[in-house]
Amino acid sequence: MHRIIAMAILVLAAAFSSARAEVLIGVSSAMTGRLAWFGEQAQRGAEMAVADINATGGVLGQQMRLITADDFCDPEQAVAAAQKLVGDGVVLVVGHYCSGASIPASKVYEAAGVLQISPGSTNPLLTEQGRANVFRVIGRDDTQGIVAGNYLAEHWSNSKIAILHDGTTYGKGLADETRKQLNKRGVVEAIYEEYTPAKNDYSAEIAALEAANIAVAYVGGYHAEVALMVSAARDRGYTVQLVSGDGMATEEFALIAGPAAEGTLFTFPADARRNPEAASVVERFRAENFEPAGYTLLSYAAVQAWSQAVDKAGSLELQAVIAALRGNQFDTVLGRIDFDNKGDLTSQNWVWYVWRGGEYVPVE
Amino acid sequence: MLERFGIRGRLLLAFFGISTFAVLATAAALYAFLQVGEVVDRITKDRVPLALASLQLSRQAERVAASAPAVLTSTSKAQHGEVSAAVGVEMTRLEELLAALKGATLSTAVVAEIEAAVLGLRRNLNALDDLVVARLTVVARKEELLRRLSATTNASQRLVAPGILVMNSKLQQWQAVTADTSLAPDRGAAAAADLVQAIAAYIPQQKAQQEISAVNDVLVKTTDAPTPDDLTLILFPLRRSLAVLDTVSTEIDERLRTRFQQRVGEFKALIDGGNSIPKARKDELAVLAEGEKLLAENNRLSRSLTAAVDRLVAAADREITASGLEAATVQRYGTGVVLGSAFLTLLSSVLVVWLYVDRSLLARLGEVSQSMFAIAGGDLRAPLPAAGRDEIGRMAEALRLFRDTAVEVEEKNLRDVAEARQRLIDAIESISEGFALYDGEDRLVLSNSRYRELLYSDLAIELMPGTTFEHIIRRSAERGYIKDAEGRLEEWVAERLSRHRNPGEPWVQRRGDGRWIMISERRITAGGTVAVYSDITELKQREENLAEKSTALEALSNKLAKYLAPQVYSSIFAGRQDVRIASQRKKLTICFSDIAGFTETTDKMESEDLTQLLNHYLTEMSKIASDHGATIDKYVGDAILMFFGDPETRGVKEDALACVQMALTMQKRMSELAEIWRDIGIETPLRCRIGIHTDYCTVGNFGSEDRMDYTIIGGAVNLASRLEQEAPPGTVLISYETFAQVKNTIDCEEMGHVQVKGIAYSVATYRVIDLKANLAGACRAVRTELPHFRLELEPELMSADERDDAATALRDALDRLSHKPGQ
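About the cut-offs
- Residues numbered from 1 in each chain as written.
- Chains lettered and ligands numbered in written order.
- Predicted model: local features only at pLDDT ≥ 70, side-chain atom pairs only at ≥ 80, totals over all residues.
- Heavy atoms only, no water.
- Helix = DSSP H or I, 4+ residues; strand = E, 2+ residues; numbered from the N terminus.
- Buried < 20%, exposed > 50% of the residue type's maximum accessible area, 1.4 Å probe, protein only.
- Lys, Arg positive; Asp, Glu negative; His and termini not counted.
- Salt bridge = Lys/Arg side-chain N within 4 Å of Asp/Glu carboxyl O.
- Contact = heavy atoms within 4.5 Å.
- Phe/Tyr/Trp six-rings, centres within 6.5 Å; stacked < 30°, edge-to-face > 60°.
- Lys NZ or Arg CZ within 6 Å of the ring centre and 35° of its normal.
- Disulfide = S-S within 2.5 Å.

(A) Region of the structure containing the side chain of A:D246. Residue and element names in this part refer to chain A. The residue D246 is located in the loop between strand 9 (241-244) and helix 10 (251-257) in this model. Within the buried set, D246 has no salt-bridge partner at all; the shortest N-O distance to an opposite charge, 9.3 Å, is to R136. Once you skip the residues sitting within four places of it in the chain, D246 turns out to touch G120, T122, I138, D141, Q144, Y170, T267, F268, Y295 and W350.

Structure, rendered in structure tokens:
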């Protein structure tokens, strides 16, 4: 009898431990290609967060394991990556980075009942689709556009302003929001144009701006193209102020642009590296010879917010976690954050940064 | 010598002899069965389970051997756990079977061999299990290393990516510059030279990119390297690539240098050393090789186990065959012994029964029983078997004694019967009646002398016992002894026989000599008939005399009756009324009838004619009166006094009605009689007057003790007489009292009052017309009688022709009457 009970307990324990073995978390971003540096940020941030939380006992006493899927910032690959993660059985996806990837992928996650927290997708549409499983730890482009529009109107109302975008969900969305605000402020841009991303040379586009005597150009796009543009301008000896959005927050911008990077402006959420809550995390990243710039800490915070929500819900069940995410505040490396019912941050704060000496610093 | 034991002892001896043979046969059969059972037991208990266990063991070993490779092919820990557990269960079962076999088998050498093989198999499976765990670890390690390789590759590619992008950009610019013809050649050349220089600065990074890809590709291929030798070979290009990357790291942008060198270091670790991918693959290959070896060993062990078990099974099989043969032999012998014993038992039984039981017991018993049957059949002189000392001898002795006693008893019985017979004869001889006893077949058994004397004094009729009853009566009838049988002999004989066979009450027979004999016959229970004959001649003669006197008295009485009213007569003779002076008051209806002018009419008649006429008249009227139930009181000349209501009455009303109806009938008869009388010469028809009155009268016997008369007296009689005198001839006149009784039925006509002497008041009278019923549908006939004229006409009965004829006749008659004579 005792033997039978002992065996039953062993079997139960085995079943329990195998079920509780680990909680899978996915991170999906562009791990290769031009946006690979952003992918690295997302991955490093999530990795460190998972390692830190596992070190303190995991979520609900279970260890987490991170799986990475490369979406190449491509809408179709993003869906494939999402399906791979769902197939692996993840309960959370930290990602994607590009809005153009996050939006189609969110449909897959919703259908599979997987929570999605994006560290970098700013297009309003992501949380406007009415998908309850979608959250983000970054502000929306409608607020970022207002900040940018206002800034342009305030500083360059008497100059010729060009607004360029790369035609992507993120780039065009941000450019349009900025233009809208700018126009609202009574300033009309001289040029509004789309450029082709992923080219190696933008001399022609810069030449056109120069010809139009543009003093300031607002670019809705990613860092590599902007870097090539500032390089091209510098090569031509054409001084034009380039202003852009959060897609600039990587060291690679300076690596590509070289000295031309100096003075380029962009908006980004307040730099979490300066937060006291983030100090130890930042220190450890730097010890690994990795600068936790850009979205690294956002990614870290996404995992933090989720793990705290799971602990509060006491369950990994999606609806419980969603309710916990909506109903609580979370202490993260970004400070204390909370979400509205759409999954957006209730407090969205955009700060101006400028490239100086190969790194970006807040505008004084 | 054997006689000493008696029948019982000898029979017991015989049965014991037979039983002994039977017991011997049973014992032999039992022994044979036990032998067979032992052998079968040996087979079922030892050999068969052993063979079965061996077979199971062999199959189990094969199953283990077959399932072992599955352990090796499992790719995940969970799968391995499952397969390993399954194999473990199979193995445990195998060991259990072996343990069971060890307890059962006799061939220890083979078992030891099997045990060794099983142990080896267990050891081998454990080793295999450990190996698979090791392999899974190695595979996991390899996968982890591959992930690291991928991460390192990505990270290092990322590091060189900006440089390459810039280089590509410069390359495009250079192409543009060289293609741009608008630029001055020297400026163009200078710009191109600047761009080329700039591009050249990024060449190491491009090279690094290529080497990173190469290292990645080769390392990925390494994970599938088929042999350790391939691994050694692969290391060479890898090391060359590493050397290139080392060189590049010194030339790369200083901001990225440290990070790049870090990545190169990671590549180094993945290529060389204990935690390298080639090392992991090498370990895996070693594990796989070991696994193959273990599997081969496993198969070998399994085969040797199967072979050993096969030997064991073969041995068990051989033993089963041997045991089977042994069992068959024992069974054969057993069968022989059983059959032999059975035969001997049968033979001994036959011999004992035939030689001994039949000869010395049954034969003698047969003799005794024959003698017994002879004695029972009445042959008391039959020979008896000789006596002896055993039971049959004693039986013969007893039979002899029994026979002697039977002889004695028989003689005594004969004497008794003769005595009883004599007594019976004496008894029946002493009675005065004749007695005869016939048996069931009607033969005379016994008769006394009085019987002969009474019936057959003539000696010619034989009355010997045995003579049939029919013979006796036929002879006596032929001789005329029987009065009844005269002229109808056969008929009488048949009657007499029938009566004899079904006797009833005693009856009387008249004999030819005038005597009367009463014969009383009775069937007796034994089936015969007893007949007793008594002479009753005297009795009979007295009876005849009495009958004669009685007839004379009756004739006398009939004569007397004519002088009395029938009612009075019958009531006196029936004893209902005493003949004594007594009277009573009763309401009667009194009727007087008289012939009008009788004296005048009959005056000139001769006395004889008158008597005849009067008697005729009175007879006719009396008959009608009797028919209607009237009591005729008296005749006074031509007048008749009658009354209703005594001695029998139907009730006042009915009496009155009957009286009136009678009167009507009398009048009708009178008119019919008139015609008869006219024919015999009485010219003037006699016409009757009738008066009727109903009232209380005194009725009874009046007169002296010597002579009395049954009559009525009272005023009512006078009133009736007065009514009669008042009635017109041919009519009936009734008083009101009578009318009151009959008015519903009879149609009457009131006639006025009459005074009656002695009655103070006048009496209302009514003439009777007819019954109302008759009047209703009566066909009134026309009847007229005048001197020389008589008319009787019944028109309703006439046909049309008859009416015409009658009318013609009447008219003719009218014509004749209207003509004066002589005219």
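There is more to say, and it comes next.
(B) Layout of the packing of aromatic side chains. For the structure shown, the criterion picks out 24 aromatic pairs over all chains. What links up through ring pairs into an aromatic cluster is the set A:F38, A:Y97, A:Y170, A:Y222, A:F268 and A:Y295. Taking the ring centre of A:Y192 as reference, the NZ or CZ of A:R179 above it sits at 4.0 Å. The ring centre of B:W516 lies 4.7 Å from the NZ or CZ of B:K540, which sits over that ring.

(C) Spotlight on the state of the cysteines. A complete count under the given rule lists one disulfide over all chains for this structure. A disulfide bridge connects A:C73 with A:C98, and the sulfur atoms are separated by 1.7 Å. Judged by the sign of its S-S torsion, about -125°, the cystine formed by A:C73 and A:C98 is left-handed. With A:C73 in the loop between strand 2 (63-70) and helix 3 (75-88) and A:C98 in the loop between strand 3 (92-95) and helix 4 (99-112), this pair connects stretches of sequence that are 25 residues apart. Using a relative accessible area of 2% as the deciding quantity, one classes A:C98 as buried. Unpaired in terms of disulfides, B:C659 finds its nearest cysteine sulfur in B:C591, a separation of 4.3 Å.

(D) Highlighting the side chain of B:T345. Residues and elements named next belong to chain B. Here T345 is to be found in helix 8 (residues 277-376). Overall, T345 belongs to the buried group, its relative accessible area being 14%. Ignoring sequence-local partners within four residues, the contact set of T345 consists of I18, F21, A22 and A25.

Everything listed here is a matter of coordinates, which is why it stays silent on function.
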